[in-house]
Amino acid sequence: MPDMFEPPVRNVPATDADTSNGVPRLLNGDVRAVLFDLDGTLADTAPDLVAAVNKVRTDRGLTPGPYETLRLQASHGARGLIGSAFGVTPDDAAFPALRDAFLANYEAALCVQSRLFEGVPELLAALTERGLPWGIVTNKAAWLTNPLVKLIGLSEGAACVVSGDTTPHSKPHPAPLLYAAECIGVAPAHIVYVGDDLRDVQAGKAAGMATIAAAYGYCGDTLAPAQWQADAVVESAGAIAPLVMSRA
């Protein structure tokens, strides 16, 4: 059974945020589309992800791991969650069985407690009303992405849904974002990418897009979003609309 996310962050350099008079580039640009990461950016999927990995623990006679600790790894899929819950890496002999059990649990309860973040429905409605297409670019594998997007109510409005296995590379490689740009027919220079992980900002910059760090998401446990060199950092989904629609 494949992993739900392709692997660790590769070394894709991030350049300094492009600004004019101290104003983030995207505030001065001609924004024609917005792309979003899924887990931790549009949708709070951590409750179901953590439940899936904790079921692996309880099935093995262990107590559940702490939610807040595991939540930080929700954007890193099986690799991050199993690493945190069991202290093993993909190189460990025990990893494949733990991964398969986790993915089976997650597939069986994909959208039980998962919800769109507060402000996301209003944000997407505002983008649609303004005539700005929006789409999803995630590292989650398509066999999980597609049913989740439908169950959580995003499938009808999304102009594109690009998964971790849609292109030969996953984020932080720019390929998925460039593919999404091609799908929606908008040049990367006119697209903003929003994500809650360093690799989202790295991928967006490598693709030539403006970037917004979603600090309300999972964000991992290493560098703080303010250190990702995104063009802007937001503390809520509701703060995104004024940035991307200011010149639309």
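In this text the structure is predicted, and so the values were computed from the model without any measurement.

Caption draft 1: Structural context of the sheet that holds strand β7 (residues 161-162). Ordered by their spatial adjacency, 6 strands build an open sheet running β7-β6-β3-β8-β9-β10, and the pairing between neighbours is parallel. Looking at strand neighbours, the two that pair on one side only are β7 and β10 (232-234), the edges of this open sheet. Pairing analysis gives 4 bridges linking strand β3 (residues 33-36) to strand β8 (residues 191-195), with the strands arranged parallel. Bridge assignment links Phe36 to a residue of β8, and that residue is Val194. Together, β3 and β6 (134-137) form the strand contacts of helix α6 (residues 120-130), whose direction differs from that of β3 by roughly 155 degrees. Across the sheet, helix α9 (residues 198-206) touches β8 and β9 (210-214), and the angle it forms with β9 is around 175 degrees.

Caption draft 2: A look at the nonpolar core. Ranked by internal contacts, the top residues of the largest apolar core, which has 55 residues, are Phe36, Phe102, Leu127, Leu154, Ile212, Ile240 and Val244. Residue-level mapping places this core at the junction of two domains, with at least three residues from each of domain 1 (28-44 + 114-245) and domain 2 (46-109).

Caption draft 3: Local environment of the pattern of salt bridges. Summed over all chains, the structure comprises 7 salt bridges. Asp30 serves as the salt-bridge partner of Arg32, at 2.7 Å between the closest nitrogen and oxygen. Take Arg32: its relative accessible area is 41%, and that puts it in the partly exposed class. In this structure, the salt-bridge partner of Asp200 is Lys171, at a minimum N-O distance of 2.8 Å. Of this pair, Asp200 sits in helix α9 while Lys171 sits in the loop between β7 and α8 (175-184), and the two are 29 residues apart along the sequence. The exposure classification of Asp200 matches that of Lys171, with both residues buried. Through salt bridges that share partners, Asp37, Lys171 and Asp200 make up one connected network.

Caption draft 4: The packing of aromatic side chains, seen in detail. Here the structure, examined in full by the defined rule, presents 3 aromatic pairs. When the centroid spacing of 6.2 Å and the interplanar angle of 0 degrees are considered together, the rings of Phe102 and Tyr106 count as stacked. Taken as a pair, Phe102 and Tyr106 lie in helix α5 (residues 95-108) at a separation of 4 residues, close to a single helical turn. For the pair Phe102 and Tyr106, one class covers both residues: buried. For the ring pair Phe117 and Tyr218, a centre distance of 6.4 Å and an interplane angle of 55 degrees mean the geometry is tilted. Taken together, the residues span a long stretch of sequence, with Phe117 in the loop between β5 (115-116) and α6 and Tyr218 in the loop between β9 and β10 at a distance of 101 residues.

Cut-offs used in this document
Residues numbered from 1 in each chain as written. Predicted model: local features only at pLDDT ≥ 70, side-chain atom pairs only at ≥ 80, totals over all residues. Heavy atoms only, no water. Pairing = 2+ DSSP bridges. Helix = DSSP H or I, 4+ residues; strand = E, 2+ residues; numbered from the N terminus. Contact = heavy atoms within 4.5 Å. Axes fitted to C-alpha atoms, helices over the stretch in contact; angles between N-to-C directions. Core = buried A, V, L, I, M, F, W, Y, C linked by side-chain atoms within 4.5 Å. Buried < 20%, exposed > 50% of the residue type's maximum accessible area, 1.4 Å probe, protein only. Domains from an automatic or database assignment. Salt bridge = Lys/Arg side-chain N within 4 Å of Asp/Glu carboxyl O. Phe/Tyr/Trp six-rings, centres within 6.5 Å; stacked < 30°, edge-to-face > 60°.

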